[in-house]
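Commentary on secondary and tertiary structure
Listed below, chain by chain, are the residues.
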Amino acid sequence: VRPGGRGGRGGRGGRGGGSKAQSQPPKKKDLTADGSSAWRIFDVKLPLETDPGKDSFEVTDALRDEACKALGLPVGRSREDGTHLLKDGETYGVRVVRKSCDARKVGDVGFSYVLDVDDVCVDSATVAGGSIKKLDIRPKPKKLERVRRDWDDEVALDFDSDSPLLEAPNTPSRSSTDDDGRVVVVGLGPAGLFAALALTEAGVPVTVLERGQPVESRGRDIGALFARRVLNADSNLCYGEGGAGTWSDGKLTTRIGRNSDDVRVVLKSLVAFGAPPEILVTGKPHLGTDRLIRVLRNAREYLVSKGAEIRFGCTVDQILFENTEDVGDGRVKRACGVVVRQNGSETPERLESNAVILASGHSARNLMEHLLTDGIELKYQPFAAGFRIEHPQVLLNELQYGEDLAPLASKGKGPLPVADYRLAHQCKSTGEVSDVPGAEYTQRACYSFCMCPGGQIVPTSTVPTELCVNGMSFSKRGSRWANSGLVSTITESDAAPFCAAPGREALAGLDFQRHIERKASEMGGGDLTVPVQTAPDFIEGKATLVSDLPTSSYRLGVVPARLDLLYPPAVTDAVRESLIAFDRKMPGFAGPTALLHAPEARTSSPVRVVRDTESYQSATAAGLFPVGEGAGYAGGIVSAAVDGLLAA
C-alpha cells in the first residue's frame with residue numbers, strides 16, 4: 001500500500017552528472033556510489049527567517065548550503081544550468097530525516113534538521129564543482145555518520161510472519177475438530193489492532209471483540225455526550241475502535257526508540273492507512289483525533305478484506321480456561337476462549353479459540369477482577385494520578401517564543417508550532433518508606449503528562465457516578481486553550497488503604513481510582529460537571545470564588561471545589577510543591593489563569609497481568625497473551641501498537 005502526499009526529497013532537476021561520479025570506484029571507508037548508502041548529517045540549523053515553517057519538509061537551497069558545509073563541498077556554487085550543487089536526481093538526492101522546532105532560547109527560534117545525502121548525490125556535486133578527485137569525508141559521531149539509504153523503501157504493511165502464537169512454547173495444538181486455530185483478540189485499541197494485523201498477515205484466523213463501536217458511530221455517541229450529557233456506558237471516550245487514544249492528542253512519540261525497526265513498522269503502517277507521511281519526519285509526530293478516525297477506518301477495512309472477523313458492541317466478561325499438565329513452567333491451565341455478551345443483552349456466548357490476546361485497555365476493570373478470581377497472576381502497577389491543568393494557549397506561546405514571535409504560532413496556522421511543554425519535578429521533601437512489605441523507599445515526584453496544545457479537556461467517565469477527565473486535540477491544534485496532566489506516581493503504599501477487600505491487593509489501584517473518581521463526582525455535584533480550582537488557590541489551600549474562575553474548554557460545566565482535599569496529603573503536597581517549581585521555570589504557569597480540573601486518574605493501568613518476557617504468555621496460563629497499556633506493558637499509542645505486534 002503506497003501512500004500519497006509529499007515525498008522525502010525536496011528539489012527538482014535532472015541527473016546532473018551522476019554517471020561520471022558512479023564510474024569512480026570507492027577507495028575509503030567502504031564508500032559506495034551505487035546509492036545504497038548515505039551520509040547522515042545531524043543538528044543542521046536554519047533560522048526562522050530562512051525556513052518555510054513547521055508544515056514544510058522541503059529540502060530548500062538553504063538546507064543544501066548547510067549540507068555542503070558539513071560535507072566539505074563548496075558553498076554558494078551552482079551548476080552550469082543554475083541549479084544547486086547538491087541537486088536531486090531521479091534516483092538520488094538529499095532527504096529530510098527529521099525536523100523539529102528549536103525554541104530553547106526565547107527570541108532565537110529556528111528549526112533543527114537531520115539530513116541524509118546519498119553517495120551518488122555527493123559524487124555528482126563533487127564532479128559538478130570541478131573536481132575529479134573523490135571527496136574525502138571523515139565521519140564524526142553524532143555529527144556526520146554513515147547510514148543505509150532507505151528512503152525509497154515502499155511505505156507498506158510489513159509484518160513478521162513468524163508469529164509466536166504459531167510456535168509458542170507450552171501452547172498445545174488443538175485438533176481441527178475443536179476449532180480452526182482461531183485467535184481471539186480482546187480490544188481494538190493500538191495493541192489489539194496491530195496484533196490482529198500481524199496475525200492476519202500470517203494467515204491466522206482472527207476474531208476481534210470490541211466493547212465499543214466503530215469510529216463513525218462512536219463519534220455520534222461522543223457528540224451526544226458533549227451536547228446532551230448522554231453517557232453511553234459502552235461507547236465513549238474510553239471504549240470503542242482505536243481505544244482511549246482515539247479522542248486524545250494522537251501523540252506518536254515514544255520512549256522505546258523512535259528509530260527501532262518495530263516503531264518504524266508501526267509508523268509506516270499508519271502512513272499506509274492514511275496518516276500524513278510527515279509523521280515519519282517530524283520531531284514530535286502527532287495525528288489528532290480527526291486524522292486518527294480516518295486511519296482507523298482504513299485499517300478496519302483492510303483487516304476485513306484479509307478475512308478478519310470484527311465484532312463491535314461485544315463485551316468480554318471472562319476468559320475461559322481449561323486445566324493442563326504442568327510441563328515445568330508452573331502453568332496448569334490454558335486459555336481456550338472467552339465469554340462474550342452483546343451489549344444490551346443478558347445472554348452470554350462461549351467463543352472457543354486457540355489463544356487469546358488480551359488488549360482490553362486501562363478501563364476494563366471487571367475483566368481484571370475476573371482474572372484475579374480465576375487465579376491469574378496479577379501485580380500492582382504503579383501509575384500516576386492528579387489533575388488536568390489548563391492555560392490560555394497564548395500564554396504558552398509567549399513564554400516559549402517571546403511576545404514578538406508568539407503571533408506566528410496563533411491557532412496552529414503560522415510557521416511556528418503552537419507551544420507545548422514537558423515538565424518534571426523531584427520533590428525536596430523527605431522520601432517515604434512504604435508500609436507495604438517488600439516495597440522500596442520512594443522519592444515523590446510530579447510531572448506533566450499527555451500535554452495537549454491547542455486542545456480541550458474532555459470527560460473520560462464510563463459510568464456517571466465516576467468522574468474522570470483527559471485532554472484531546474485536533475490535528476491543527478487550533479483551540480485557544482492548552483492543557484496537560486499534572487500528576488504524581490501512586491505507589492502501592494498510597495493505594496493500599498483503599499483496597500476493597502483482603503486478597504485483592506493487586507487491584508488496590510483500581511479501588512483507589514474508583515474512590516477518587518466518585519469523590520470528584522460528588523465535588524462537582526454529579527451530572528459530569530467537573531470540580532475546578534485555580535492554581536494559586538490550590539497552593540494556598542482555599543476555595544476559588546466563582547468570580548475568579550477563568551474560562552474552561554470543558555463543555556459540560558465546571559464548579560469551584562477544594563481540589564487540594566481530593567487526594568491523600570502526600571500527593572497533594574507533591575503537586576503543590578511542583579506548581580511552585582514550574583512557575584519559577586515558566587512564569588504564569590501557576591498564575592490566576594491556570595485552572596486545575598479533577599481528576600486525571602487513568603494515565604495508565606494500575607495493574608499488571610504478569611507474563612513471560614520471551615513468549616509474552618501469561619505466567620499462569622498458556623495461550624493467554626496480555627498486551628498493551630491495559631495489561632501494564634505500554635504507555636501510549638506507539639508503544640502499545642509495538643507490544644501487540646511483538647506478542648503476535
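Residues numbered from 1 in each chain as written. Predicted model: local features only at pLDDT ≥ 70, side-chain atom pairs only at ≥ 80, totals over all residues. Heavy atoms only, no water.

Broken down by element type, the chain carries 15 helices and 24 strands. Once local pairs closer than 6 in sequence are excluded, the contacts in the chain between residues at least 24 apart make up 75%. Counting every atom, the chain has about 26,900 Å² of accessible surface; 49% of that belongs to carbon and sulfur. (Helix = DSSP H or I, 4+ residues; strand = E, 2+ residues; numbered from the N terminus. Contact = heavy atoms within 4.5 Å. Areas by Shrake-Rupley, 256 points an atom, 1.4 Å probe, with all protein chains shown as cover.)

Where helix α9 (residues 365-373) contacts helix α12 (residues 508-524), the axes come no closer than 11 Å and their chain directions differ by 150°. With respect to α12, the axis of α9 lies roughly antiparallel. Our pair here, α9 against α12, has a crossing hand that is left-handed. Contact with α9, carried on its side by Arg365, Asn366, Met368 and Glu369, involves Leu510, Gln513, Arg514 and Glu517 of α12 and no other residues of that element. Across the contact of α9 with α12, the residue classes tally to 2 nonpolar, 2 polar and 4 charged. (Axes fitted to C-alpha atoms, helices over the stretch in contact; angles between N-to-C directions. Parallel < 35°, antiparallel > 145°, perpendicular 65-115°, else oblique. Left-handed = near helix turned anticlockwise from the far one by under 90°. Nonpolar A, V, L, I, M, F, W, Y, C, P; charged D, E, K, R; others polar.)

To continue, consider the nonpolar core. Counting residues in each nonpolar core, the largest one holds 140 residues, and the members touching the most others are Leu71, Leu86 and Leu579. Of all the elements, helix α5 (residues 190-201) adds the most residues to this core, at 8 residues. When residues no more than four places from it in sequence are discounted, the contact partners of leucine 86 are Arg64, Ala67, Cys68, Leu71, Leu73, Val94, Val117, Cys121, Val122 and Ala125. In this structure, Val184, Ala335, Val338 and Val356 belong to the second largest nonpolar core, which totals 27 residues. (Core = buried A, V, L, I, M, F, W, Y, C linked by side-chain atoms within 4.5 Å. Buried < 20%, exposed > 50% of the residue type's maximum accessible area, 1.4 Å probe, protein only.)

A separate point is helix α8 (residues 288-305). Taking 1.5 Å of rise per residue, 18 residues should cover 26 Å, and α8 covers 26 Å from first to last C-alpha, within 8% of that figure. Within the sequence span of α8, burial applies to Gly288, Thr289, Leu292, Val295, Leu296, Ala299, Arg300, Tyr302 and Leu303. The arc enclosing the buried residues of α8, seen along the axis, measures out at 160°, which places them on a common side. Of the residues flanking the end of α8, it is glycine 307, one or two places downstream, whose phi is positive at about 100°. (Expected span 1.5 Å × (residues − 1). Arc of directions from axis to C-beta.)

In the structure shown here, the tally under the stated rule is 3 cavities of 30 Å³ or more. The computed volume of the largest cavity comes to approximately 120 Å³. Broken down by secondary-structure element, the contributors of at least two residues to the lining of the largest cavity are α5, α7 (261-272), α8 and α15 (637-647). A breakdown of the residues in the lining of the largest cavity according to their chemical character gives 11 nonpolar, 4 polar and no charged. (1 Å grid on protein atoms, 1.4 Å probe; cavity = no way out; pocket = protein on both sides within 12 Å on 5 of 7 lines; lining within 4 Å. Points joined across faces, edges and corners; volume = space filled by probe spheres on them.)

Before going further, it helps to examine the sheet that holds strand β7 (residues 309-312). Taken together, 5 strands build an open sheet; the order of strands is β7-β6-β5-β11-β24 and the sheet is parallel. The strands lining the two open edges of the sheet, one partner per strand, are β7 and β24 (624-626). In this sheet, neighbouring strand axes are inclined to one another by 15° on average, regardless of whether the strands run parallel or antiparallel. Summarising the sheet, strand β5 (residues 183-186) and strand β11 (residues 355-358) pair through 4 bridges and their orientation is parallel. Residue valine 184 lies in a different strand from β11, and its bridge partner there is valine 356. (Pairing = 2+ DSSP bridges.)

Contact pair α7 / α15: the axes reach a minimum separation of 9 Å and the direction vectors enclose 105°. Put simply, α7 runs roughly perpendicular to α15. Contacts between α7 and α15 involve Asp262, Val263, Val265, Val266 and Leu267 from the former and Val638, Ala641, Val642, Leu645 and Leu646 from the latter. Per-class residue counts for the contact of α7 with α15 are 9 nonpolar, no polar and 1 charged.

Here we take up the sheet that holds strand β1 (residues 37-47). Taken in spatial order, the 4 strands make up an open sheet running β2-β3-β1-β4, and their pairing is antiparallel. The sheet terminates laterally at β2 (94-105) and β4 (144-148), the two strands that pair on one side only. Neighbour-to-neighbour, the strand axes of the sheet open up by a mean angle of 30°, direction not taken into account. Of the strand pairs in this sheet, β1 and β4 are connected by 5 bridges, and their pairing is antiparallel. By the bridge assignment for β4, isoleucine 41 is matched with leucine 144. Sheet contacts for helix α3 (residues 119-128): β1, β2, β3 (108-118) and β4; angle to β3, the most-contacted strand, approximately 95°.

A word on the pattern of salt bridges. Evaluated as defined, the whole model comprises 41 salt bridges. For arginine 64, the salt bridge identified is with aspartate 61, shortest N-O distance 4.0 Å. Of this pair, arginine 64 and aspartate 61 are both found in helix α2 (residues 61-71), 3 residues apart, which corresponds to roughly one turn of the helix. Classification of arginine 64 as buried rests on a relative accessible area of 3%. (Salt bridge = Lys/Arg side-chain N within 4 Å of Asp/Glu carboxyl O.)

This part covers unusual backbone geometry. That bond from alanine 598 to proline 599 is cis: its omega, -10°, falls within 30 degrees of zero. Mapping proline 599 onto the fold places it in strand β21 (residues 595-600). Its identity as a non-glycine residue notwithstanding, lysine 411 has a phi of 55°, on the positive side. As for its placement among the helices and strands, lysine 411 is situated in the loop between α10 (393-401) and β14 (424-426).

Enumeration according to the criterion identifies 8 aromatic pairs in this entry. Geometrically, the ring pair formed by tyrosine 421 and phenylalanine 589 is edge-to-face, given 5.4 Å between the ring centres and 85° between the ring planes. On the criterion of sequence distance, the pair formed by tyrosine 421 in the loop between α10 and β14 and phenylalanine 589 in the loop between α14 (569-585) and β21 is long-range, its members being 168 residues apart. Look at tyrosine 421 and you get buried, because its relative accessible area is 9%. (Phe/Tyr/Trp six-rings, centres within 6.5 Å; stacked < 30°, edge-to-face > 60°.)

One rule of thumb: low pLDDT means the predicted coordinates there are not for detailed reading. Put simply, the chain has an average pLDDT of 88, and 88% of its residues get 70 or more. The low-confidence segment residues 1-32 (pLDDT under 50) makes 85 contacts with residues lying over four places distant or belonging to another chain. For the stretch residues 161-178, pLDDT sits under 50, and the model shows 37 contacts to residues farther than four places along the chain or on other chains. (pLDDT = per-residue confidence, 0-100.)

Attention shifts here to the pairing of strand β16 (residues 455-459). With 5 of 5 residues buried, β16 is to be regarded as a mostly interior element. On β16, burial covers both faces: Gly455, Ile457 and Pro459 on one face and Gln456 and Val458 on the other are all buried. Strand direction decides the pairing type here: β16 and strand β17 (residues 469-473), joined by 5 bridges, are antiparallel. Bridge pairing in β17 links glycine 455 to serine 473.

For α12, built from 17 residues, the straight-helix expectation of 24 Å at 1.5 Å per residue is met to within 8% by its first-to-last C-alpha distance of 24 Å. Taken across its 17 residues, α12 has 12 buried, putting it largely inside the fold. The complete set of buried residues in α12 reads Ala508, Gly509, Leu510, Asp511, Phe512, Gln513, Arg514, Ile516, Glu517, Ala520, Ser521 and Gly524. Phi turns positive, to about 85°, at glycine 525, one or two residues after α12.

Moving on, we come to the side chain of histidine 286. Within the secondary structure, histidine 286 is located in the loop between α7 and α8. The class of histidine 286 is buried, set by a relative accessible area of 11%. Side-chain polar atoms of histidine 286 contact the backbone oxygen of aspartate 249, separated by 3.1 Å. Not counting residues within four places of it along the chain, the set of residues in contact with histidine 286 comprises Asp249, Gly250, Lys251, Leu252, Ile279, Arg291, Phe474, Ser475 and Arg477. (Polar contact = N/O pair within 3.5 Å; in protein donor to acceptor, adjacent residues only side chain to side chain.)

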